[in-house]
Amino acid sequence: MSSLARKRVLILGASRYYSASIAAAKRAGYEVVAVDRTPNSPGFAIADDSAVIDIVDVERVLRYATEQHVDGIVPLNDYGVPTAAAVAERLGLPGISSAVAERATRKSSMRACWIAAGVPCPRVELALTANEIPAAAQLVGYPCILKPAHGIGGASRGVVVVSTPAELASAISFSTSFYADQATLVESFVDSLMEHSAEVLIVNGEPEVLVIADKVKSPLPYRVDQSVLYPTVLTGADHARAVATVRSAVKAIGISLGAAHVELATTASGCVLFELGARPGGGGTPEPIVQWVTGRDYLADVVRSHVGDSLAPSERRALRGATYHFLTPAPGVVDRVEGLDAVRARTDVLDVDVLVAAGQTIAPVRVGTDRAGFVITGAETRDQAYAAALVADSMVKFVVR
């Protein structure tokens, strides 16, 4: 425990969206220090102290955390989860264990844990090398999905659907091109009614599902989010089943504090889990989306959890609508982008940004980082928010050549 009057928290990351976590921690009354590998990260201007340190560098993060006498360490993406766990263990701070962090960031370990616990997930075979993938695909059967077994960083990197053996060679080349570790999960393809993501807060050791969203995915063979719609259309027993499945997934991995982001699908026979992260959802998911939809200061509560402060269960209230919609214009070299100022002026737009600049190339969307931008809308209902997102999309003009 630090000798300061206020608790001091270390945020792993200080880029555009991680700045929201720094601001949330300060709103909640904490002193905040931050690290990021990028000099002049925007969060550095908000934090009480900061350092240019890569969040995967455990020893440097440990030294900085020790110097700063921090009371807790908050990871905001998969890269930060093992670091936060290792440093918290060595300093005796609140946190998940390194074993839990490994299960939450290595998909092969995650699946093995779920299978052992009887949590529903697709049939899977682990191929340790690219040469083992054809035999694994034969065992699983077609169609199947390839995804990197480590797969840290999200954004659907290396995830591809293989419909026939003739497609396998190109799929292997794609799936194994993102990480040095060639281990690959070969999964049965889930014929889902709908795919979802869930945002979870661990309240006094128990996972509380704050909101479930529905996803609009890119055309096969890739599995990139095009829109995420809040809240889900699931109701009654279907919603209760999804909530129970999410909670069982989090508990099986052993996440005892902080947040979790869970990906799953509903099928004709029930829910099926895909993957999980021991941190909030990426980008604008925790703020502004979850805060707008639920009325709960999600990021502030995640920080409270990581410094060992108790949390109150959520109050029952009607959920508002939001849409996280991604901009996917035709491929080409960007000349200019028009219409952003008009979109920003809309009262139903919570955030909007373009991720490509003049002279850069817009590629066909195969992974999340191929998307050219996003718009986040908020309204009283889900349908109103989605309609607003489509209008905003039509207002942003990518002039390409």
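Described below are features of the structure shown in this document.

Parameters and conventions
Residues numbered from 1 in each chain as written. Predicted model: local features only at pLDDT ≥ 70, side-chain atom pairs only at ≥ 80, totals over all residues. Heavy atoms only, no water. 1 Å grid on protein atoms, 1.4 Å probe; cavity = no way out; pocket = protein on both sides within 12 Å on 5 of 7 lines; lining within 4 Å. Points joined across faces, edges and corners; volume = space filled by probe spheres on them. Helix = DSSP H or I, 4+ residues; strand = E, 2+ residues; numbered from the N terminus. Pairing = 2+ DSSP bridges. Axes fitted to C-alpha atoms, helices over the stretch in contact; angles between N-to-C directions. Core = buried A, V, L, I, M, F, W, Y, C linked by side-chain atoms within 4.5 Å. Buried < 20%, exposed > 50% of the residue type's maximum accessible area, 1.4 Å probe, protein only. Contact = heavy atoms within 4.5 Å. Salt bridge = Lys/Arg side-chain N within 4 Å of Asp/Glu carboxyl O. Right-handed = clockwise from strand over helix to strand, strands pointing away. Polar contact = N/O pair within 3.5 Å; in protein donor to acceptor, adjacent residues only side chain to side chain.

### Structural notes on the layout of surface pockets
By volume, the second largest pocket amounts to about 530 Å³. Taken together, 18 residues line the second largest pocket, and the ones lying closest to its centre are Val209, Leu210, Glu315, Arg317 and Leu319. Of all the elements in the fold, those that place two or more residues in the lining of the second largest pocket are strand S10 (206-217) and helix H8 (236-253). Ranked by residues supplied to the lining of the second largest pocket, first place goes to S10 with five residues.

### Thoughts on the sheet that holds strand S3 (residues 49-52)
Note: strands within a sheet are paired through backbone hydrogen bonds, in either parallel or antiparallel orientation. With parallel pairing, the four strands of this open sheet are ordered in space as S3-S2-S1-S4. One side of each edge strand has no neighbouring strand; the edge strands of this open sheet are S3 and strand S4 (72-75). Within the sheet, the average angular offset between the axes of one strand and its neighbour, ignoring direction, is 20°.

### So, the nonpolar core
Counting 35 residues, the largest nonpolar core has Val9, Ile11, Tyr230 and Tyr324 as the members making the most contacts within it. Those residues within four positions of Tyr324 in sequence are excluded, and the remaining contacts are Tyr17, Gln226, Ser227, Val228, Gly282, Gly283, Gly284, Thr285, Ile289, Phe374, Val375 and Ile376. Core analysis: the second largest hydrophobic core is formed by 30 residues, Ala101, Cys113, Val200 and Ala249 among them.

### Points about the pattern of salt bridges
Using the criterion set out here, one finds 34 salt bridges in the structure. Note that Glu275 and Lys147 form a salt bridge whose closest N and O atoms lie 3.8 Å from each other. With a gap of 128 residues between them, Glu275 in strand S13 (residues 270-277) and Lys147 in strand S6 (residues 144-148) connect regions that are remote in the sequence. A relative accessible area of 6% places Lys147 in the buried class. The salt bridge involving Asp225 is made with Lys217; its shortest N-O contact spans 2.7 Å. Overall, the relative accessible area of 19% leaves Lys217 in the buried class. One continuous salt-bridge network, built from bridges that share partners, spans Glu195, Lys215, Lys217, Arg223, Asp225 and Glu263.

### Some remarks on the pairing of strand S1 (residues 8-12)
Counting buried residues along S1, five of its five residues qualify, which places the element largely inside the surrounding structure. Crossover handedness for the path S1 to helix H1 (residues 18-27) to strand S2 (residues 31-36): right-handed. Two strands pair when backbone bridges link them, and S1 and S4 are joined in this way by four bridges, in the parallel orientation. Looking across to S4, one finds that Leu12 is bridged to Pro75.

### Some words on the environment of Thr381
Note that Thr381 resides in the loop between strand S18 (373-379) and helix H12 (382-395). Residue classification places Thr381 among the partly exposed residues on the basis of a relative accessible area of 36%. Measuring from C-alpha to C-alpha, the distance between Thr381 and Ile145 comes to 34 Å, with 236 residues separating the pair along the chain. Within the structure, the side chain of Thr381 is placed 3.1 Å from the backbone nitrogen of Gln384, a separation counted as a polar contact.

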